[in-house]
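# Notes for the structure review
One letter stands for each residue in the lines below.
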Amino acid sequence: MRITRDSAKWKKPLGQIAGLVVVGTLLGGCTTVRPQWPWVFAPPGAVSYPANNQGGQAPVIRPPVVTAPPRTTNQPLPQTLPLPSPVVTTPYPSVNAPRGLGGDYANYPELRQFIGKMNNQHGFDIAFLEQTFSSVQRDKEALTKAGAPAEGQGWRAYRPIFLTEERINGGVDFWNRHAALLDNATRQYGVDTEYLVAIIGVETQYGKNTGKHNVLQALTSLGFDFPRRASFYQKELEQFLLLSREEKVRPQIFNGSYAGAMGLGQFISSSYRSYSIDGNRDGKRDLWDPQDAIPSVANYFAKNGWKRGTGVAVPAYISGNGYASIAETTAKKPARTLGDLAANGVRPQTAINSAKVSLIKLEGATDEYWVGGENFYAITRYNPSVKYAMAVHQLAQEIRKRKFGF
Ligand SMILES: [Ca+2]
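No experiment lies behind these values; they were computed from the predicted model shown.

### Quick notes on the overall build of the protein chain
- Looking only at helices and strands, the protein chain has 15 helices and 7 strands in total.
- Per-residue burial over the protein chain gives 43% buried out of 406 residues.

### Points about the nonpolar core
- If you look at the biggest cluster of nonpolar residues, it comprises 87 residues, and the most contacted ones within it are Leu196 and Val392.
- In contact with Val392, other than residues within four places in its own chain, are Tyr195, Ala198, Ile199, Val202 and Ile379.

### Regarding helix 10 (residues 230–247)
- The end-to-end C-alpha separation of helix 10 is 25 Å, in line with the 26 Å expected for 18 residues at 1.5 Å each.
- The complete set of buried residues in helix 10 reads Tyr233, Gln234, Glu236, Leu237, Glu238, Phe240, Leu241, Leu243, Ser244 and Glu247.
- Where helix 10 is buried, its residues touch helix 2 (109–122), helix 9 (215–225) and helix 11 (269–275).
- The first or second residue beyond helix 10 is Lys248, which carries a positive phi of 55 degrees.

### Re the packing of helix 4 (residues 140–147) against helix 9
- Contact pair helix 4 / helix 9: the axes reach a minimum separation of 9 Å and the direction vectors enclose 55 degrees. By the angle between their directions, the pair helix 4 and helix 9 is classed as oblique. Considering only the axes of helix 4 and helix 9, their crossing is right-handed. Contact residues: helix 4 offers Ala142, Leu143 and Ala146, while helix 9 offers Ala218, Ser221, Leu222 and Asp225.
- The residue makeup of the contact of helix 4 with helix 9, split by class, is 5 nonpolar, 1 polar and 1 charged.

### Describing helix 9
- For helix 9, a buried count of 10 out of 11 residues is recorded, marking the element as mostly surrounded by other parts of the structure.
- Looking at helix 9, one finds that the buried residues are Val215, Leu216, Gln217, Ala218, Leu219, Thr220, Ser221, Leu222, Gly223 and Phe224.
- In the core, the buried residues of helix 9 are packed alongside helix 2, helix 3 (126–134), helix 4, strand 1 (213–214), helix 10 and strand 2 (255–256).

### Things to note about the sheet that holds strand 4 (residues 327–328)
- Across the sheet, 5 strands lie side by side as 4-6-7-3-5; this open sheet has mixed pairing. In this open sheet, the two strands that pair with only one neighbour each are strand 4 and strand 5 (346–348).
- Where strand 3 (residues 313–318) lies against strand 5, 3 bridges are found, and the strand directions are antiparallel. Bridge pairing in strand 5 links Ile318 to Val346.
- Lying on the sheet, helix 15 (residues 386–404) is in contact with strand 3 and strand 6 (358–362); it crosses strand 6 at an angle near 95 degrees.

### What about the pairing of strand 7 (residues 368–372)?
- In the sheet, strand 3 pairs with strand 7 via 3 bridges, with the strands oriented antiparallel. Bridge pairing links Val314 to Val371 in strand 7.
- As judged from the 5 bridges shared by strand 6 and strand 7, these two strands associate in the antiparallel manner. The partner of Ile360 across the bridge, within strand 7, is Trp370.
- Where strand 6 hands over to strand 7, the hairpin turn is made up of 5 residues, counted between the paired strands.

### Focus: the pairing of strand 6
- Burial within strand 6 is extensive, with 4 of its 5 residues counted as buried.
- Of the pairings in the sheet, the one linking strand 4 to strand 6 comprises 2 bridges and is parallel in character. Within strand 6, the residue paired with Ala327 across the bridge is Leu359.

### Side note on the environment of Leu243
- Along the chain, Leu243 turns up in helix 10.
- For Leu243, a count of 22 C-beta atoms within 10 Å corresponds to the buried category.
- Setting aside residues up to four positions removed in sequence, Leu243 forms contacts with Ser269, Tyr272 and Arg273.

### Quick look at the packing of helix 7 (residues 179–189) against helix 8 (residues 193–204)
- One can describe the packing of helix 7 onto helix 8 by two numbers: an axis separation of 9 Å at closest approach and a directional angle of 120 degrees. In terms of axis orientation, helix 7 runs oblique to helix 8. Crossing handedness for the pair helix 7 and helix 8: right-handed. Contacts from Leu182, Ala185 and Thr186 in helix 7 reach Thr193, Leu196 and Val197 in helix 8.
- For the contact of helix 7 with helix 8, a count of residues per class yields 4 nonpolar, 2 polar and no charged.

### Describing unusual backbone geometry
- With a phi angle near 65 degrees, Tyr206 is a residue other than glycine that sits in the positive phi range.
- Its location among the elements puts Tyr206 in the loop between helix 8 and strand 1.
- In this model, Lys248 sits at a positive phi of 55 degrees, which is unusual for a non-glycine residue.
- On the basis of neighbour count, Lys248 is assigned to the partly exposed category, with 15 C-beta atoms found within 10 Å.

What counts as what
- Residues numbered from 1 in each chain as written.
- Predicted model: local features only at pLDDT ≥ 70, side-chain atom pairs only at ≥ 80, totals over all residues.
- Helix = DSSP H or I, 4+ residues; strand = E, 2+ residues; numbered from the N terminus.
- Buried ≥ 20, exposed ≤ 12 C-beta atoms within 10 Å, placed from the backbone.
- Core = buried A, V, L, I, M, F, W, Y, C linked by C-beta atoms within 7 Å.
- Contact = placed C-beta atoms within 7 Å.
- Expected span 1.5 Å × (residues − 1).
- Axes fitted to C-alpha atoms, helices over the stretch in contact; angles between N-to-C directions.
- Parallel < 35°, antiparallel > 145°, perpendicular 65-115°, else oblique.
- Left-handed = near helix turned anticlockwise from the far one by under 90°.
- Nonpolar A, V, L, I, M, F, W, Y, C, P; charged D, E, K, R; others polar.
- Pairing = 2+ DSSP bridges.

The structure is reproduced here in structure tokens:
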């Protein structure tokens, strides 16, 4: 997430905060490369807009402030942005008549409706949104990735992607570098430390790969050019704009995954708004900063039912025929007891303390059976694949073993 500081308007406030950044970095002992955070940005206020405008009465829009916004390094804004007239004579949204919207999505009626909704429901300034979306270039790579078939490999092929020496050692290194932050998060949120480390390892290689897609562009492309999941991505786009406003950050500057996931823990916008924590209490929820990202991941787990010390998953012994009908290959909330499993010929190979459990089947050339507890299910709230949750679990265990020797 980078911006250039090429606008004189931003130089003074950015200069003033530069000292704060230095102090904050020294205090936090943070060594991760952090995005530059333009705290000074605030989008224009809401237009004067008739309540419950259903198309009969034209809104009155303030004359736009014609000030070139700062630009992202990889996404130059057009030199001459089409700006709306201060006096609007037709109701908005109009699906046919182009107004202040330019760029790749200028002729998308659905985007016009979306802008109207953001104005009506959330009070966003229409001129601001039109200017914002006029800068969007279609993210073809995001569309290609989103349309690719779901991961089809079996567990035996999936596991080595994440269970590498580099990722295990990287986890120990991350743990050592951020021991105090991790200890605090574990205590405060009641989430076992090795799982906080493993999630960040699986998601971003401990912050090395937080994603190079411009989030605004990716979400706009997926929201309006990817019909199969348009509804989901339009909702995330709505959340993303609300997030940008809350954090006082220009929407253009966020980078993330092709699906719009951000920061060390790869939170999508709705999760960012719901679960992120301002760990260092500097007024910003900056998920590229371990001081905020680590407690945020812990909070995510805590809010999704993590119970410290109750285990996650253990291999299962199976016998008879009863187990096949209760084996789960997708994430489901555990609803059985160990006694229920035993009645179906399943028992855990080692102890697991979870009150409710499931029999998990990892499909492959040779299927594997595991007893998964409530914490296993909590990991699937992060990503619904049981293979993903098992990779996080096994990486966490390997990191713990490497760090402590057991
Ligand atoms: Ca913060």
